[in-house]
Amino acid sequence: MPAFPQYDWIIALITIAFACSSFGNGANDVANSYATSVAAQSLTMPQVGFLSMITEFTGAVALGSRVTGTIKNNIISATRFENDPAVLILVMACAEFGSAFWLLTATVLGFPVSTTQTVVGALVGAGIAARAQVSWSWADGSVSQVAASWFIAPLIAAAFAAILFGSLKFCILERKDPFEKAMKAIPFYLAFTASVLALFITIEAPNAPSLEELGAGTAIGIVLGVFFGVLAFSYIFFIPYFKRRLIMKDSRIRPWHIFLGPLLLRENPPLYFPGKGDEFVTDYYTNAHESTESDQAVVDTEKQQPPADASDKDAAAKGDSSALEAQTQAVVQRGPKRKPEPEERFLAPTAHLPFYNPKRLKSFALYALLQGVTRDCVTHSSTQLADVHARAKRYDNRVEHLWTYAQVASAMMMSIAHGSNDVANAVGPWVAAYQTWRTGRIESDSDTPIWILIAAGFLLGAGFWFMGYHIIRSMGNKLTQVSPTRGFAMELGAAITVLLASRLGLPISTTQTLTGAVIGVSLMNLDFQATNWRQLGFIFSGWVLTLPCAGLMAGLLTAMALNTPQFGNDAAQFGSA
């Protein structure tokens, strides 16, 4: 029996708020992990939807318990509630509601905000309203240390991502015969990504020894074992696959043929479920600018103008701005057609039918289930953004294709890192309230029930499935030109930073970490105008609003709940009379 059965209703309410907070966390933050993969056309939205359900669940359930303590115990002091532990249940419920409110609101508005910053702001607001001591001084888990991580983590991620992309840019992409060098290097990059992932999974597993307890020899053995194992796998299976697809230009080859290995080098390999079409490699630099009526009017006007003479052409060629403008306009003219939105795809064909018609009911069901993963998150109609993309150098599409596989691996790694780190943001307040309700005591350390981690992992993936497209659009190619090589560096650099923070028990912002990684890679274009600073300002404004909005909502709820007038005995009699 729980110690406070009279407050079952608060536990029911905080559980609802926990579900909303986890859902909003997934809708907002999970999208960050895969935004660059969608922008680079390495993954489609439905593919990301399925992958995110798996990776977020894995990160939350297998690796997520260690970080929970920092959010739960160290932001506000529990001593304020020792004489009346039931009040802590109410305060945590208000904090959970404040966090859920801002996460869902920010997602709908398209703000990619920090879920860590959201829950910290909610806890601070609720703590101040409850007159609890807030940990401001520099100490483990304090507000100061968490806030410092918001500035330090993006810088570290930017450095990691810039170094990773710099190694690609100067050693492969801008060298003579880049494809030949890329074929030699890709096994090592795949092996490096796998070895880093294996090391962090090893030290982050439940009840796993610390890195010091594990020992340098064991850690090095794990890293080298996975590295050389994946390296051998790459040479046996990936290299024949790449040769068949990119050198022999066999358009029938698909990723599920990788396991044929050396058989792919035969003249007639035994292909199962061969692909259709004649495209052997995707054009990852097809501009995402959608041709609009105004763009077409400009094109028609230019067609009517007389051609310039040779001297004018030479003068234009010497001017970088003129050449860039011409390049941008040419790209605009090649802009793809916008893919139909879910409303057009599912609802429009049956709009003429009665509401109760089975076909229309089916269209409503398909729309409700698939609208979040069938939206176009790549094309845009911004000439200014087309200019930003035109300033980024374009590389061999065959090289870019090689790194799609490494990018998908790094995106999955980033998502697992998010699940392990950010599950605490939704689970922390709920665990504090639940344990107090169950035991009647305020405990500094308590185990997080596995079933709540399972629920959080599922809700994180579901949040992306239904609402993640809002953030994919904001964090995708709206910041800079994204390609598989760039996306690989962004995601792996951010994932390493997040997993390091998770190991230290420091909850950092996945959003701000990835944003730092994106800017770090963008600056490697050596052109400040290759970054969309306007979009960065929009994202930054969301960060600025997060702390006060979440804190104000949680604080107001707490203040009203703790100061609500109640009927006394006389008042109750008066009311009944």
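A quick note: this is a predicted structure, and the numbers were derived from the prediction, not measured.

Quick word on the environment of Arg534
Then step 1. Within the secondary structure, Arg534 is located in helix H21 (residues 533-562).
Then step 2. Residues Arg534 and Leu385, 149 residues apart in the sequence, show an inter-C-alpha distance of 9.9 Å.

Considerations on the UniProt feature "signal peptide" (unreviewed entry) in the protein
Then step 1. Under the local residue numbering, the UniProt record ascribes the feature "signal peptide" (unreviewed entry) to residues 1-19.
Then step 2. For residues 1-19, the end-to-end C-alpha separation is 24 Å, with 63% helix and 0% strand making up the annotated structure.

Thoughts on unusual backbone geometry
Then step 1. One non-glycine residue, Arg131, lies in positive phi territory at about 60°.
Then step 2. Structurally, the position occupied by Arg131 is in the loop between helix H5 (115-129) and helix H6 (143-173).
Then step 3. At Phe273, a residue that is not glycine, the phi angle is positive and equals roughly 50°.
Then step 4. Here Phe273 shows up in the loop between helix H9 (216-247) and helix H10 (293-304).

Some thoughts on the packing of aromatic side chains
Then step 1. For the coordinates displayed, the defined rule picks out 25 aromatic pairs.
Then step 2. With 6.5 Å between their ring centres and 90° between their planes, Tyr272 and Phe273 make a pair best called edge-to-face.
Then step 3. Judged by its relative accessible area of 32%, Tyr272 falls in the partly exposed class.
Then step 4. On the basis of an interplanar angle of 40° and a centroid distance of 5.8 Å, the ring pair of Tyr434 and Trp437 is categorised as tilted. Taken together, the positions of Tyr434 and Trp437, both in helix H16 (residues 397-439) and 3 residues apart, correspond to about one turn of that helix.

Side note on the nonpolar core
Then step 1. Ranked by internal contacts, the top residues of the largest apolar core, which has 129 residues, are Phe242, Leu402 and Trp403.
Then step 2. Broken down by element, the residue count for this core peaks at 19 residues, all from H16.
Then step 3. Once residues within four sequence positions are removed from consideration, Trp403 is found in contact with Leu168, Ile172, Ala182, Ala185, Ile186, Tyr189, Pro484, Thr485 and Phe488.

Let's talk about the UniProt feature "transmembrane region" (unreviewed entry) in the protein
Then step 1. As annotated by UniProt and renumbered to match this structure, "transmembrane region" (unreviewed entry) occupies residues 87-111, 151-173, 185-203, 215-242, 450-472, 492-524 and 536-562.
Then step 2. Within residues 450-472, the helical portion is 96% and the strand portion 0%, while the C-alpha atoms at the span's ends are 30 Å from each other.
Then step 3. The straight-line gap between the two end C-alpha atoms of residues 536-562 is 39 Å; of that span, 100% is helix and 0% is strand.

Focus on helix H2 (residues 45-63)
Then step 1. Taking 1.5 Å per residue as the helical rise, H2 with its 19 residues ought to reach 27 Å, and the 25 Å between its terminal C-alpha atoms agrees with that figure.
Then step 2. The largest bend in H2 comes to about 25°, at Leu51.
Then step 3. If you check which residues of H2 are buried, you get Met45, Val48, Gly49, Leu51, Ser52, Thr55, Glu56, Gly59, Ala60 and Leu63.

Section: the side chain of Ser251
Then step 1. With respect to the secondary-structure elements, Ser251 resides in the loop between H9 and H10.
Then step 2. Classification of Ser251 as buried rests on a relative accessible area of 15%.
Then step 3. When residues no more than four places from it in sequence are discounted, the contact partners of Ser251 are Gly275, Gly277, Asp278, Glu279 and Phe280.

A look at the confidence of the model for the protein
Then step 1. Averaged over all residues, the pLDDT of the protein is 82; the fraction at 70 or higher stands at 82%.
Then step 2. The low-confidence segment residues 326-335 (pLDDT under 50) makes 22 contacts with residues lying over four places distant or belonging to another chain.
Then step 3. In this model, residues 570-577 is a region of pLDDT below 50 whose contacts with residues beyond four sequence positions or in other chains number 1 contact.

What about the packing of H5 against H21?
Then step 1. Contact pair H5 / H21: the axes reach a minimum separation of 7 Å and the direction vectors enclose 35°. Relative to H21, H5 is oriented so that their crossing is right-handed. Where H5 approaches H21, its residues Gln117, Thr118, Gly121, Ala122, Gly125, Ala126 and Ala129 are matched on the opposing element by Trp543, Thr546, Leu547, Ala550, Gly551, Ala554, Gly555, Thr558, Ala559 and Leu562.
Then step 2. Its residues placed into classes, the contact of H5 with H21 shows 9 nonpolar, 8 polar and no charged.

Description of helix H14 (residues 358-370)
Then step 1. Helix length check: H14, at 13 residues, gives a terminal C-alpha distance of 18 Å against a target of 18 Å (1.5 Å per residue), a fit within 8%.
Then step 2. Taking the backbone nitrogen of Lys359 as reference, a side-chain oxygen 2.8 Å away marks Asn357 as the first, capping residue of H14.

Side note on the packing of helix H1 (residues 8-39) against helix H17 (residues 450-467)
Then step 1. Axis separation between H1 and H17 bottoms out at 7 Å; the angle between their running directions is 55°. Accordingly, the angle class assigned to the pair H1 and H17 is oblique. Of the two elements, H1 crosses H17, and the hand of that crossing is right-handed. Across the interface between the two elements, Phe18, Ala19, Ser22, Phe23, Asn25, Gly26, Ala27, Val30 and Ala31 of H1 pack against Ile452, Ala455, Ala456, Leu459, Leu460, Ala462, Gly463, Phe464, Phe466 and Met467 of H17.
Then step 2. Split into classes, the residues belonging to the contact of H1 with H17 amount to 15 nonpolar, 4 polar and no charged.

Criteria and cut-off values
- Residues numbered from 1 in each chain as written.
- Predicted model: local features only at pLDDT ≥ 70, side-chain atom pairs only at ≥ 80, totals over all residues.
- Heavy atoms only, no water.
- Helix = DSSP H or I, 4+ residues; strand = E, 2+ residues; numbered from the N terminus.
- UniProt positions renumbered as here; feature names shortened; annotations may be inferred.
- Phe/Tyr/Trp six-rings, centres within 6.5 Å; stacked < 30°, edge-to-face > 60°.
- Buried < 20%, exposed > 50% of the residue type's maximum accessible area, 1.4 Å probe, protein only.
- Core = buried A, V, L, I, M, F, W, Y, C linked by side-chain atoms within 4.5 Å.
- Contact = heavy atoms within 4.5 Å.
- Expected span 1.5 Å × (residues − 1).
- Bend = angle between axes of the 7 residues up to and from the residue.
- pLDDT = per-residue confidence, 0-100.
- Axes fitted to C-alpha atoms, helices over the stretch in contact; angles between N-to-C directions.
- Left-handed = near helix turned anticlockwise from the far one by under 90°.
- Nonpolar A, V, L, I, M, F, W, Y, C, P; charged D, E, K, R; others polar.
- Polar contact = N/O pair within 3.5 Å; in protein donor to acceptor, adjacent residues only side chain to side chain.
- Parallel < 35°, antiparallel > 145°, perpendicular 65-115°, else oblique.

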